[in-house]
Amino acid sequence: MPTIKSVVVVDGQALTLTPSTGGAGEAILNTSAPSISGIPETGRTLVASTGEWSVTGLSFAYQWRRSGSLIAGATAPSYEVAVADEGRLISVTVTATRSGYSAGSATSGSVLAEPPTVVLPEPTATLWFRMPEYTSPRYWAHYFPPYPPSLVVNGSGGNTAGTNYYNTGYLALNGESGAHAAYGGLLRDMPIRQNAPWPTSPTWQYNAIREDIVLARRFGIHGFMCDILGSSGNNWNVAEWMFDAASETIGGVRSFPGFYAIPMLDGNGGTGQGTSANAATALNTLLSKACALRVEGDYVVSTYRPENFGALGSAAAAAGWWDDVINRLRNTYGKNVRTWHCFGNPANATAFRNSANPQEVTGRWGLGGADPGIISSTSAASYITQAHTAGERAMLTIFRGWQRPKHREFDESKGTQALRAAWARMRALAGPNDVAQVSSWNDYSETHHIGVSAATGGAYAAVSAWEAAKWLRGSAPQIVRDAVVVSSRARTASPTITGGQTQFMAQRSGTGRSAVTHEVEVGTYLTMSDVVRVQIGSNVHTYTAPAGEYYVRFPIAAGAIKVTTDRGVELTAPWAVRSSSGNDDWQYFAAYAVGSTQYTAGQSNPTPA
């Protein structure tokens, strides 16, 4: 008997398939492809239709696919979109069978899975509340190209699920041939490599950085301000990959609608201290990407420490250098530019304000540090008032922590308290059109990142999202699911340092600094009051937390940390408090749980034991 073939429709194209030999006889032909109904967002349910077939009385089997690959266990007529699906194409293959017939199969068209949109009333899959919708992006994160999700240095590292250069070069006590041995390694944290190894088309680096965008959107961030250090080399490549990934389109539709990128020219970098012509060329390359933010047709460029532009020695000369960059963008490349400056010293804003191309936004890098004592006592009102008086918007930079092993210094951030205090200043001082920039998404060298990392997971990103929502809405959003956040150092007050380092960190000095404490911070976000139990080593603390947001602190002790509530929230910290450590580490680890789900996958203590 000759082989019988059937014509099916896959993603809108007719293909000739050889049916399976599950039964002899007439082939079952697909006459109309299956389809998918439902909203393709995390936590939503998609439903497959069977399509239409040449034979009646059929039985159907289903297999859901992610970017063409089988999704294990997804064999029902419906499928709940998972976090792992975000940014991927979802389809379903339907197989029709009937006794006495050869089985037929057909695959539906694909739908692009997205994080939950901010305009729907439901919360995102990883938060205990709903981020408010927005009409113009105001909640930004600083993106630092030296520390992408994975990296290659001197041929080491790359597209691996296991050990990479963060482990061997930056975190190891004797990494980079012992260059950082005196202070116990260059870094104390590293990104969790989501879904590594990554697809190699167009490049694995592109797909790795794409994961950062997926994660940032999940935590309500409107876009990245990408630090531009140079116009060639690895840092430039990372910047381009980030802009390209944020601009990705599938079938003519942007994969990440509503997510934007702004080039942030660094006054301390090679391009910012080079020629204005080279800076204009580099900026034009990035502004030509689809994700580049435009306001009323104008392109937006941000800066970091613009008073250092051109290495000219004065803010007035730097302002002239910047005028030349803007004029070149306008006259050579046809791009009108609006500038969002972030000064190291806001007093330098006057020189730029008096230039031929004054800024639209005036910002300052930080609020004196990542110490709640400094943040609460430091008034940013002066430069904000000046900006508003000049008809400008203001930009505040928000830090959650600060630790630089190479410079042997740290701030006492008291867990999430510095982050929450900085947002409180933002709400108290900023106007409705001002801009918040969290620094940073991924600067591990200064340990103020909120991106998903081994030591902190997504906890700081989740708390920052809650604080941002309060600012964007003008009030706290409704808590729709119970949540717990825990933060602590992974060391006791006086641990034994075993790695042989000779230079140790000290708290940054200055008036108003908080006393160094050794505590475990527990935050609850509850729909109603509940009994909370906190175990720290062998010590157990029990208390009743009220509905809403509530934070308490307990003395640290060696051992594991676990938090439970009577209504079912459970969180086991993915680190233990050590009485000895391979190096000196003052950062606050963090973790969180929403309902019965602990968002701690991939977390660990990345520093040497």
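Note that the structure is predicted; figures quoted are calculated from it, not measured. (Residues numbered from 1 in each chain as written. Predicted model: local features only at pLDDT ≥ 70, side-chain atom pairs only at ≥ 80, totals over all residues. Heavy atoms only, no water.)

In this fold, Asn284 is placed in helix H5 (residues 276-287). The exposure class of Asn284 is buried, given its relative accessible area of 13%. In this structure the C-alpha to C-alpha distance between Asn284 and Tyr139, which are 145 residues apart in sequence, comes to 24 Å. Apart from the residues lying within four places of it in its own chain, the contact partners of Asn284 are Leu329, Tyr333 and Lys335. (Helix = DSSP H or I, 4+ residues; strand = E, 2+ residues; numbered from the N terminus. Buried < 20%, exposed > 50% of the residue type's maximum accessible area, 1.4 Å probe, protein only. Contact = heavy atoms within 4.5 Å.)

Below, the discussion takes up the sheet that holds strand E5 (residues 45-48). Sheets are built from strands that pair by backbone hydrogen bonding, the pairs being arranged parallel or antiparallel. Read from one edge to the other, the open sheet built from 3 strands follows the order E4-E5-E9, with strand pairing classed as antiparallel. In this open sheet, the two strands that pair with only one neighbour each are strand E4 (36-37) and strand E9 (78-80). Strand direction decides the pairing type here: E4 and E5, joined by 2 bridges, are antiparallel. Residue pairing for E5: Ser37 is matched across the bridge by Val47. (Pairing = 2+ DSSP bridges.)

Another aspect to go through is empty space enclosed by the protein. In this structure the tally under the stated criterion is 3 cavities of 30 Å³ or more. Here the largest cavity is characterised by a volume of approximately 80 Å³. What lines the largest cavity is a set of 15 residues, among which Pro149, Pro191, Asp212, Tyr444 and Val452 lie closest to the centre. Tallied by class, the residues present in the lining of the largest cavity amount to 10 nonpolar, 3 polar and 2 charged. (1 Å grid on protein atoms, 1.4 Å probe; cavity = no way out; pocket = protein on both sides within 12 Å on 5 of 7 lines; lining within 4 Å. Points joined across faces, edges and corners; volume = space filled by probe spheres on them. Nonpolar A, V, L, I, M, F, W, Y, C, P; charged D, E, K, R; others polar.)

So, about the side chain of Gln359. Here Gln359 is to be found in the loop between helix H7 (349-353) and strand E23 (361-364). With a relative accessible area of 5%, Gln359 lands in the buried category. A polar contact of 3.1 Å, which involves the side chain of Gln359, links it to the side chain of Thr362. (Polar contact = N/O pair within 3.5 Å; in protein donor to acceptor, adjacent residues only side chain to side chain.)

Turning our eyes to something else, we now look at helix H9 (residues 381-389). Taken together, the buried positions of H9 are Tyr383, Ile384 and Ala387. An end-on view of H9 places all buried positions within 100° of arc, on one side of the element. The elements touched by buried residues of H9 are H7, E23, strand E24 (393-399) and helix H10 (417-429). Directly after H9, the chain includes Gly391, whose backbone phi takes a positive value near 80°. (Arc of directions from axis to C-beta.)

A word on the environment of Gly297. For Gly297, the position within the fold is in the loop between strand E20 (294-295) and strand E21 (298-304). Assessed through its relative accessible area of 39%, Gly297 is described here as partly exposed. Along the sequence, Gly297 and Arg567 sit 270 residues apart, while their C-alpha atoms lie 51 Å from each other.

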